[in-house]
Amino acid sequence: RAKAQGKNRYVVYSEEFSDQAFHSFSLEQDLRVALDERQLVLHYQPQFDLETMSLVGTEALVRWNHPTRGLLAPGHFIEMAEETQLIIPLGWQVIELVCDQMKLWEQRGITPPQVAINISPQQLLQIDFVEKLNKLVDGRGVARTSIELEITELMIMQDPDLAMMQLHRLRESGYRIALDDFGTGYSSLDRLKYLPLDRLKIDQAFTRDIGKNPKDEAVILTIIALGRSLGIEVLAEGVETESQLRFLSDHACNSVQGYLLGRPIPAEELCIGV
Ligand code: C2E
Ligand code: MG
Ligand code: MG
Ligand code: MG
């Protein structure tokens, strides 16, 4: 009986496994097609200065317009793209889409706001990344200074020396650099002072608990103070309520991003300078 059960379990397990393997395999194949057929689209989420409440930039967030599954959020495919190296061509397509959009805004007489682009660790750690990026951005006639590259602490931990070198080269090339999801990683504060950063993005996990958890509030205040003393701007992510906004404003956080002020939306729906 025990044996039969064990056997059963094995069968069930192996079916589930092959199901899952098949699922991710087909998604991987689909992503290859998606890259060829340009099924990726970008949504842009506005970022506001807390003092003036004016729009100071946007963050480009990738979505996959899948032919049968509908519009997929990055949570469905970024990890798989990282595992299969598809994140590299995906990352370049995202940068191309941003540049094209910025030119479009410019042609319509709209000063393109600064656009933030999420960069995967693998992409940043490609030895020719900076060279290729400069070529692409310059080739499309976009100002390097209006592009902010979002990196994470994870990337710095993977290869601290190479990451540091790449970040300095990017900064010297004229790009802005933001440290995304700050506070959730394990980067040492000692290393932080050597990083060429323009902005720290407080992770939404901390913002979410404003008014609920004094410890999270303490972390936020510490990040704001740290940013101020290092001369780095601080942006809070995931602002969903008026009271979160008030707390951040009262404590002189520089800028905010979140559903309260604007969800990520297609570029055409974003009202910039109008
Ligand atoms: P992230 O860079 O930290 O982006 C912020 C995420 O929080 C976005 O999710 C955004 O839609 C969501 N968000 C914004 N405001 C709020 C809010 O008020 N409340 C809540 N609950 N969420 C909010 P999204 O678009 O699903 O992206 C998830 C992650 O996928 C991003 O996190 C980023 O790490 C990654 N990602 C997105 N686009 C790209 C890309 O083009 N390349 C790479 N490598 N990664 C990307
Ligand atoms: Mg980001
Ligand atoms: Mg983030
Ligand atoms: Mg994140």
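In the annotation of an unreviewed UniProt entry, the protein is listed under the name Diguanylate cyclase (GGDEF)-like protein and assigned to Marinobacterium zhoushanense.

Undergrad: Hey, could you run me through a nonpolar patch on the surface in this one?
TA: A contiguous nonpolar patch, built from Leu 154, Met 157 and Tyr 186 and spanning about 370 Å² of accessible area, is present on the exposed surface. Locating Tyr 186 in the fold gives a position in the loop between strand 6 (176-182) and helix 8 (189-192). Assessed through its relative accessible area of 72%, Tyr 186 is described here as exposed.

Undergrad: Please explain unusual backbone geometry as it appears in this structure.
TA: If a residue is not glycine, its phi is most likely negative; likewise, a peptide bond is most likely trans. Despite not being glycine, Arg 38 shows a phi value in the positive range, around 55 degrees. Along the chain, Arg 38 falls in the loop between helix 1 (2-37) and strand 1 (40-49). Within the chain, Gln 85 stands out as a residue other than glycine whose phi angle is a positive 70 degrees. Positionally, Gln 85 belongs in the loop between helix 2 (78-83) and helix 3 (87-107). On the basis of relative accessible area, Gln 85 is assigned to the partly exposed category, the value being 47%.

Undergrad: Would you mind showing me how to read the coordination of the magnesium ion (ligand 2) here?
TA: Six octahedral donors around a metal ideally subtend angles of 90 or 180 degrees, whereas four tetrahedral donors ideally subtend 109.5 degrees. At 2.0 to 2.3 Å from the magnesium ion (ligand 2) lie its protein donor atoms, namely Glu 59 (OE), Asn 118 (OD1), Glu 150 (OE) and Asp 180 (OD). Within one chain, the residues donating to the magnesium ion (ligand 2) are spaced in sequence as E-x58-N-x31-E-x29-D. Taken as a pair, the magnesium ion (ligand 2) and the magnesium ion (ligand 3) lie 4.1 Å from each other and share Asp 180 as a ligand. With Glu 150 in strand 5 (residues 147-152) and Asp 180 in strand 6, this residue pair connects regions lying 30 residues apart in the sequence. Comparing Glu 150 with Asp 180, the two get one shared label, buried.

Undergrad: Looking at this model, I keep getting lost on the nonpolar core. Mind explaining?
TA: Within soluble globular proteins, side chains that are nonpolar generally end up buried alongside one another. Counting 74 residues, the largest nonpolar core has Leu 124, Leu 170 and Leu 248 as the members making the most contacts within it. The element best represented in this core is helix 3, accounting for 10 residues. Look past the residues within four positions of Leu 124 in its chain and what remains in contact with it is Ile 119, Phe 129, Ile 151, Met 155, Ala 163, Gln 166, Leu 167 and Leu 170.

Undergrad: Help me understand the layout of surface pockets in this model?
TA: Remark: the empty space left among the atoms is shown by a probe the size of a water molecule rolled over them. In this structure, the largest pocket encloses a volume near 990 Å³. Forming the boundary of the largest pocket are 35 residues, of which Glu 59, Leu 61, Asn 118, Asp 180 and Asp 181 lie nearest the centre. Within the residue set of the lining of the largest pocket, elements represented by two or more residues are strand 2 (55-66), helix 2, helix 3, helix 4 (121-124), strand 5, helix 6 (153-158), strand 6 and helix 9 (204-208). No other element matches strand 2, which puts 5 residues into the lining of the largest pocket. Broken down by class, the residue content of the lining of the largest pocket amounts to 14 nonpolar, 12 polar and 9 charged. Reported here for the second largest pocket is a volume of approximately 170 Å³. Lining the second largest pocket are Leu 40, Val 41, Leu 42, His 43, Tyr 44, Leu 97, Asp 100, Gln 101, Leu 104, Pro 266, Ala 267 and Glu 268. Broken down by secondary-structure element, the contributors of at least two residues to the lining of the second largest pocket are strand 1 and helix 3. Looking at which element gives the most residues to the lining of the second largest pocket, the answer is strand 1, with 5 residues.

Undergrad: Looking at this structure, I do not really get the packing of helix 3 against helix 5 (residues 129-139). What am I missing?
TA: In a pair of packed helices, the angle between the axes and the distance between the axes together describe the arrangement. As a packed pair, helix 3 and helix 5 sit with axes 10 Å apart at the nearest point and diverge in direction by 30 degrees. Of the possible angle classes, the one that applies to helix 3 and helix 5 is roughly parallel. Crossing of helix 3 against helix 5: the hand is right-handed. Of helix 5, the residues touching helix 3 (which contributes Trp 92, Ile 95, Glu 96 and Cys 99) are Phe 129, Lys 132, Leu 133, Leu 136 and Val 137. Its residues placed into classes, the contact of helix 3 with helix 5 shows 7 nonpolar, no polar and 2 charged.

Undergrad: For this particular structure, what's the right way to read empty space enclosed by the protein?
TA: All chains considered together, the criterion is met by 1 cavity of 30 Å³ or more. Of the volumes computed, that of the largest cavity is approximately 30 Å³. Within the residue set of the lining of the largest cavity, elements represented by two or more residues are helix 3 and helix 5. Of the residues belonging to the lining of the largest cavity, the class tally is 3 nonpolar, 2 polar and 2 charged.

Undergrad: Teacher, can you tell me more about the site of ligand 1 here?
TA: The immediate surroundings of ligand 1 are formed by 22 residues, with Arg 63, Asn 118, Asp 180, Glu 240 and Tyr 259 found nearest. Here a nitrogen atom of ligand 1 sits 3.0 Å away from a polar atom, N or O, in the side chain of Gln 45. In the model, an oxygen atom of ligand 1 is placed 2.8 Å from a nitrogen or oxygen of the Asn 118 side chain. Secondary structure elements with two or more residues in the shell around ligand 1: strand 2, helix 3 and strand 6. Of the residues forming the shell around ligand 1, the biggest block, 4 residues, is contributed by strand 2.

Analysis parameters
Residues numbered from 1 in each chain as written. Chains lettered and ligands numbered in written order. Predicted model: local features only at pLDDT ≥ 70, side-chain atom pairs only at ≥ 80, totals over all residues. Heavy atoms only, no water. Patch = residues over 30% accessible without salt bridge, like charges linked within 9 Å, V, L, I, M, F, W, Y side chains within 5 Å. Areas by Shrake-Rupley, 256 points an atom, 1.4 Å probe, with all protein chains shown as cover. Salt bridge = Lys/Arg side-chain N within 4 Å of Asp/Glu carboxyl O. Helix = DSSP H or I, 4+ residues; strand = E, 2+ residues; numbered from the N terminus. Buried < 20%, exposed > 50% of the residue type's maximum accessible area, 1.4 Å probe, protein only. Donors = N, O, S within 2.8 Å, 3.2 Å for Na, K, Ca; no water. Core = buried A, V, L, I, M, F, W, Y, C linked by side-chain atoms within 4.5 Å. Contact = heavy atoms within 4.5 Å. 1 Å grid on protein atoms, 1.4 Å probe; cavity = no way out; pocket = protein on both sides within 12 Å on 5 of 7 lines; lining within 4 Å. Points joined across faces, edges and corners; volume = space filled by probe spheres on them. Nonpolar A, V, L, I, M, F, W, Y, C, P; charged D, E, K, R; others polar. Axes fitted to C-alpha atoms, helices over the stretch in contact; angles between N-to-C directions. Parallel < 35°, antiparallel > 145°, perpendicular 65-115°, else oblique. Left-handed = near helix turned anticlockwise from the far one by under 90°. Near = heavy atom within 4 Å. Polar contact = N/O pair within 3.5 Å; in protein donor to acceptor, adjacent residues only side chain to side chain.

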